[in-house]
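The primary structure of each chain is shown beneath.
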Amino acid sequence: MPIEDQQEEGQPRVPNLDIAQALFSLQAKCTTDAEKEAAKQMLEKEITNENMAPFYKHVCQEMKWPVDGKKLSQMEEENKKKVEELENKIKDAEENLGEIEQRDAHMERAEYLVKIGNKDAALTSLRQSYEKTTMLGHKLDNVFLQLRVGFFYMDNDLISRNLEKASSLIEEGGDRD
């Protein structure tokens, strides 16, 4: 099956690993100036389009770039609105719905936090979703998302822990069909 078709199936493709690749390209010594400029433009475009305030702060710190306070506050305001909306969805699910809907609401919040680059909050939310998950396939989806977060941030410890967890779940009988 072509990769284009696979992207339309299953889990959302968060985090966008192209963004991590662009940051890596900017930091690599072997990258040409033209490649660095293209990576910088792509990074700035994606950060702005997706309102990635937490990741913007991370990139500015990593690259020693000045922070555009106006841009940051606009993105943070958008993030705050969306997180509040997702928190209300979780609260509603906990008060009125079942475990599956609660897990889905936590997972939706986690995916959003991953998307905007809020690593710590995303991992906390993923753990909360994992605790509410009973089906092995959904547990694997959660672990695979944590793996992608590890790859995005080049966090070898997170990658190792989640590879072990995925292996253990697969041994339990989780299937990915």
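An account of the accompanying structure is given in this report. Residue indices follow the written sequence of each chain, beginning from 1 at its first position. pLDDT decides what is reported in this predicted model: residues at 70 or higher carry local features, side-chain atom pairs at 80 or more are listed and counted, and totals for whole chains, interfaces and linings draw on all residues regardless. Water and hydrogen atoms play no part in the side-chain values, which are based on all heavy atoms of the structure.

**Describing the packing of helix 6 (residues 99–116) against helix 7 (residues 119–131)**
Stage number 1. Geometry is summarised by axes, namely lines fitted to C-alpha atoms with helices restricted to the contacting stretch, and by angles between N-to-C directions that run from 0 to 180 degrees. Working definition: helices are DSSP H or I runs of at least four residues, strands are E runs of at least two. Numbering for both runs from the N terminus. Where helix 6 contacts helix 7, the axes come no closer than 8 Å and their chain directions differ by 160°. One way to sum up the angle between helix 6 and helix 7 is to call them roughly antiparallel. Seen from above, helix 6 lies across helix 7 with left-handed handedness. Across from Arg 103, His 106, Met 107, Arg 109, Ala 110, Leu 113 and Val 114 in helix 6, the residues of helix 7 making contact are Ala 121, Ala 122, Ser 125, Leu 126, Gln 128 and Ser 129. An angle below 35 degrees is treated as roughly parallel, one above 145 as roughly antiparallel, one from 65 to 115 as roughly perpendicular, and anything else as oblique. Crossings are sorted by hand: turned counterclockwise from the far helix by less than a right angle, the near helix makes the crossing left-handed, and turned clockwise it makes it right-handed. For this analysis, residues touch if any pair of their heavy atoms sits within 4.5 Å.

**Description of the packing of aromatic side chains**
Stage number 1. Two aromatic rings from Phe, Tyr or Trp, using only the six-membered ring of Trp, form a pair when their centres are within 6.5 Å; if the ring planes differ by under 30 degrees the pair is stacked, by over 60 it is edge-to-face, and anything between is tilted. Scanning all chains against the criterion turns up three aromatic pairs.
Stage number 2. With 6.3 Å between their ring centres and 75° between their planes, Phe 55 and Tyr 153 make a pair best called edge-to-face. Taken together, the residues span a long stretch of sequence, with Phe 55 in helix 4 (residues 53–63) and Tyr 153 in helix 8 (residues 136–153) at a distance of 98 residues.
Stage number 3. Both rings, one in Phe 152 and one in Tyr 153, keep their centres 5.0 Å apart while their planes meet at 70°; by these two values the pair is edge-to-face.
Stage number 4. Following the ring pairs from residue to residue traces out a cluster consisting of Phe 55, Phe 152 and Tyr 153.
Stage number 5. The ring of Trp 65 has Lys 40 sitting right over it, with the charged end atom 5.1 Å from the ring centre. Definition used: whenever NZ (Lys) or CZ (Arg) falls within 6 Å of the ring centre and also within 35 degrees of the ring normal, the charge is taken to sit over that ring.

**With respect to unusual backbone geometry**
Stage number 1. The phi dihedral of Asn 51 is positive, around 50°, even though this residue is not glycine.
Stage number 2. Note on placement: Asn 51 falls in the loop between helix 3 (33–49) and helix 4.
Stage number 3. Whether a residue is buried, partly exposed or exposed follows from its accessible area with a 1.4 Å probe, protein chains only, as a fraction of its type maximum: under 20%, in between, or over 50%, in that order. We classify Asn 51 as partly exposed; its relative accessible area is 22%.
Stage number 4. A positive phi angle, close to 60°, is found at Lys 64, a residue other than glycine.
Stage number 5. Within the fold, Lys 64 resides in the loop between helix 4 and helix 5 (69–96).

**Brief notes about the pattern of salt bridges**
Stage number 1. For this analysis, a salt bridge means a side-chain nitrogen from Lys or Arg found within 4 Å of a carboxyl oxygen belonging to Asp or Glu. Going through the model one piece at a time under the given rule, you end up with nine salt bridges.
Stage number 2. Residue Lys 57 pairs with Glu 76 through a salt bridge whose shortest N-O separation is 3.3 Å. Taken as a pair, Lys 57 in helix 4 and Glu 76 in helix 5 lie far apart in primary sequence, 19 residues in all.
Stage number 3. The exposure class of Glu 76 is partly exposed, given its relative accessible area of 34%.
Stage number 4. Here Glu 78 makes a salt bridge to Lys 81, at a shortest N to O gap of 3.7 Å. Separated by three residues within a single helix, Glu 78 and Lys 81 lie in helix 5, roughly one turn from each other.

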